[in-house]
Amino acid sequence: MIRDTFKSNPGLCELFKRKILERARFVGLSEGLIDFKAQIDMEGTYQDNLRILYREYPQLSQNSDYSRIKSVRLLSGAALEQSWRSYERNNGHEIPELLEDGERILSFPVNTFQSIIDCVTAMVGEKVTKMILHQIGQEIGSTAFNCSRDQILSDNLAEALDRVLSIRGWGQVLDLEKTDHGSRVTYVCTVKGCPLCYKRVSTSPACDIMRGIVSGWLKSLVQKNVESIENACVATGSPPCVFQVTFRK
Ligand SMILES: [Zn+2]
């Protein structure tokens, strides 16, 4: 259906080409890849384009760009058709919305997000802000757990958490180590490139959402209440952020 639509409507073809390029930039694909994608003839479906991409860049499956490619891939199929329907509904005018897997999403720079956190802190104080951010993180963490449920069974935990976080720009999970202390169990999670403390300097750990994400994810895993602290933070001068999550047996 999409293929025929493109053939009969060159303008629409251009529109989707632009959307795909925007999306590619959004997920941080390198300029070279974007240039290459720009040359792709949009008479084919997006799946066809991806196959070309894999053939031309086999190394993608070996490095971190792979997760980004998977994210671009979400533009295909249902999302593309939904965009087309919305284009028709609006008499050929493009509604500027960003779709992923058929769902509308938002994107903004990390420093905008940090400014929002600063505003909330100024309004309600640090203690309440930290609680709210941790709560938000826990929600994200439990959603992330549901997305990574299948991988958790077979893979190691760090890899399963990393897969679901890195695709969203939350950085890289270097390690997730479990220690059994008898009456309690601790998990220590090391995160490199956390966006919350990106280019930030602070006297105390600043990544409450990430602390929430890690604890929310583990809370879903162990099905018990957990306590969490951020042991080390990039904002205070430590190379990676380190989060410790504890639960009592
Ligand atoms: Zn941090």
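A brief look at the structure comes next. (Residues numbered from 1 in each chain as written. Predicted model: local features only at pLDDT ≥ 70, side-chain atom pairs only at ≥ 80, totals over all residues.)

Remarks on the overall build of the chain
The helix and strand tally for the chain stands at ten helices and six strands. Counting contacts in the chain only where the partners sit at least 6 residues apart, residues at least 24 apart contribute 56% of the total. (Helix = DSSP H or I, 4+ residues; strand = E, 2+ residues; numbered from the N terminus. Contact = placed C-beta atoms within 7 Å.)

Some details on the environment of I136
Inspection of the secondary structure puts I136 in helix α8 (residues 126-154). Owing to 15 C-beta atoms within 10 Å, I136 belongs among the partly exposed residues under this scheme. Setting aside its immediate chain neighbours within four residues, I136 contacts I209 and G212. (Buried ≥ 20, exposed ≤ 12 C-beta atoms within 10 Å, placed from the backbone.)

Quick word on the nonpolar core
By size, the foremost hydrophobic cluster in this structure holds 33 residues, and its most contacted members are C197, C207, M210 and C241. Mapped onto this core, the elements with two or more residues apiece are α8, α9 (157-166), β3 (172-180), β4 (184-192), α10 (208-222) and β6 (241-248). Per element, the largest residue contribution to this core is seven residues, and it comes from α10. Excluding anything up to four places from it in sequence, C207 contacts C194, L196, C197, E230, C233 and C241. (Core = buried A, V, L, I, M, F, W, Y, C linked by C-beta atoms within 7 Å.)

Looking at the sheet that holds β4
An order of β3-β4-β6-β5 is seen for the four strands of this open sheet, with the pairing classed as antiparallel. Each end of this open sheet is capped by a strand with a single partner; those strands are β3 and β5 (227-232). On average, adjacent strands in this sheet sit at an angle of 20° to one another, irrespective of strand direction. Direction of pairing for β5 relative to β6: antiparallel, over a ladder of five bridges. When the bridges of β6 are listed, E230 appears paired with F243. (Pairing = 2+ DSSP bridges. Axes fitted to C-alpha atoms, helices over the stretch in contact; angles between N-to-C directions.)

Things to note about helix α7 (residues 110-124)
Across its 15 residues, α7 extends 21 Å between first and last C-alpha, which sits within 8% of the 21 Å expected from 1.5 Å per residue. Burial analysis of α7 places just zero of its 15 residues in the buried class, a small minority of the element. Immediately beyond the C-terminal end of α7, within one or two residues, lies G125, with a positive phi of roughly 90°. (Expected span 1.5 Å × (residues − 1).)

What about the pairing of β3?
Sheet analysis places β3 next to β4, joined by eight bridges and oriented antiparallel. Along β4, the bridge assignment pairs E177 with V188. Count of turn residues in the β3/β4 antiparallel hairpin: three residues, of which G182 carries a positive phi of about 95°.

Things to note about unusual backbone geometry
In the Ramachandran plot, K199 falls in the positive-phi region, its phi being about 55° despite a non-glycine side chain. Turning to its location among the elements, K199 is positioned in the loop between β4 and α10. Take K199: there are 10 C-beta atoms within 10 Å of it, and that puts it in the exposed class. Located in the positive-phi region is Q223, a residue other than glycine, with phi close to 60°. Along the chain, Q223 turns up in the loop between α10 and β5.

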